[in-house]
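# Remarks on the overall topology
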Amino acid sequence: MGPDPGKDTGIDMELARELHRTLIRFTGLHHKKFLRAFRAGAGGDARLKKNQERLIAFLYCEGKATPSELSKKLDMEKGGVTTLIDSLEKMGYVARVDAPGDRRKNIVLLTGQGKVHMEKVISAHQEILFHMLKKLDRRDVEELITNLKKAIAIIERL
């Protein structure tokens, strides 16, 4: 839980504006420096679209999810998620299984082929990062990792 809204935390609108500008800048740099490089050297199946890759990556990290959970986590309309699941199921990357105790619900999970695909993608991304990071010294990379972990921990508290 966050701080008590009735309590003076020293947070003001200027601080919110600064965070907003920083997040926009970070997102742009993340896209420019990392996501473009990852897409160019994907190491996976060139037939897959960006949202298909996102869904596979999410399932790889989380293990399984309902279509409704995928819709929320991927910030997509439920119909769009259903279309993604259908296409990935036809390609052999995901499978639907009945939810235990509720046959009206489906759970989506990666198949062996989906896991192998994601492992290839991760390996290719790590190779790309390795070459990119050669431009920095070890201390800078360690500091970046520490700061990103700290940012994640703070954001998770929101």
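Please refer to the structure higher up on the page.
Just so it is clear, the structure is predicted and the values come from calculations on it, not from any experiment.

### Structural notes on the layout of surface pockets
Roughly 1,900 Å³ of volume is contained in the largest pocket. Looking at the largest pocket, it is lined by 36 residues, and the ones nearest its centre are His-30, His-31, Phe-34, Leu-35 and Phe-38. Contributing elements (two or more residues each) for the lining of the largest pocket: helix 1 (13-40), helix 2 (50-62), helix 5 (112-133) and helix 6 (138-156). Broken down by element, the lining of the largest pocket gets its largest block of residues, 11 residues, from helix 1. Here the lining of the largest pocket is built from residues that sort into 22 nonpolar, five polar and nine charged. Quantified by volume, the second largest pocket comes out at close to 380 Å³. The wall of the second largest pocket is formed by Leu-19, Thr-22, Leu-23, Phe-26, Leu-148, Ala-151, Ile-152, Ile-154, Ile-155 and Leu-158. Counting only elements with at least two residues in the lining of the second largest pocket, the list comes to helix 1 and helix 6. No other element matches helix 6, which puts five residues into the lining of the second largest pocket.

### Things to note about the pattern of salt bridges
Summed over the entire model, instances satisfying the criterion amount to seven salt bridges. Taking the shortest distance from any N to any O, the salt bridge between Arg-96 and Asp-86 comes out at 2.7 Å. Taken together, the residues Arg-96 in strand 2 (residues 94-99) and Asp-86 in helix 4 (residues 78-91) connect sequence positions 10 residues apart. A relative accessible area of 32% places Asp-86 in the partly exposed class. Asp-102 is paired through a salt bridge with Arg-104; the nearest N and O atoms lie 3.0 Å apart. Here Asp-102 falls in the buried class, since its relative accessible area comes to 18%. According to the relative accessible area criterion, Arg-104 is exposed, its value standing at 76%. Residues joined by salt bridges that share partners form a network here, namely Glu-14, Arg-17, Glu-18 and Arg-21.

### Concerning the sheet that holds strand 1 (residues 64-65)
What links the strands of a sheet is backbone hydrogen bonding, and the strands pair in either a parallel or an antiparallel sense. Pairing is antiparallel in the open sheet, where three strands are placed in the order 1-3-2. Edge strands, defined here as strands with exactly one partner in the open sheet, are strand 1 and strand 2. Where strand 1 and strand 3 (residues 102-110) come together, two bridges link them in antiparallel fashion. Bridging across to strand 3, Ala-65 finds its partner in Val-108. Across the sheet, helix 4 lies against strand 2 and strand 3, angled at about 115 degrees from strand 2, the strand it touches most.

Rules used in this analysis
Residues numbered from 1 in each chain as written. Predicted model: local features only at pLDDT ≥ 70, side-chain atom pairs only at ≥ 80, totals over all residues. Heavy atoms only, no water. 1 Å grid on protein atoms, 1.4 Å probe; cavity = no way out; pocket = protein on both sides within 12 Å on 5 of 7 lines; lining within 4 Å. Points joined across faces, edges and corners; volume = space filled by probe spheres on them. Helix = DSSP H or I, 4+ residues; strand = E, 2+ residues; numbered from the N terminus. Nonpolar A, V, L, I, M, F, W, Y, C, P; charged D, E, K, R; others polar. Salt bridge = Lys/Arg side-chain N within 4 Å of Asp/Glu carboxyl O. Buried < 20%, exposed > 50% of the residue type's maximum accessible area, 1.4 Å probe, protein only. Pairing = 2+ DSSP bridges. Contact = heavy atoms within 4.5 Å. Axes fitted to C-alpha atoms, helices over the stretch in contact; angles between N-to-C directions.

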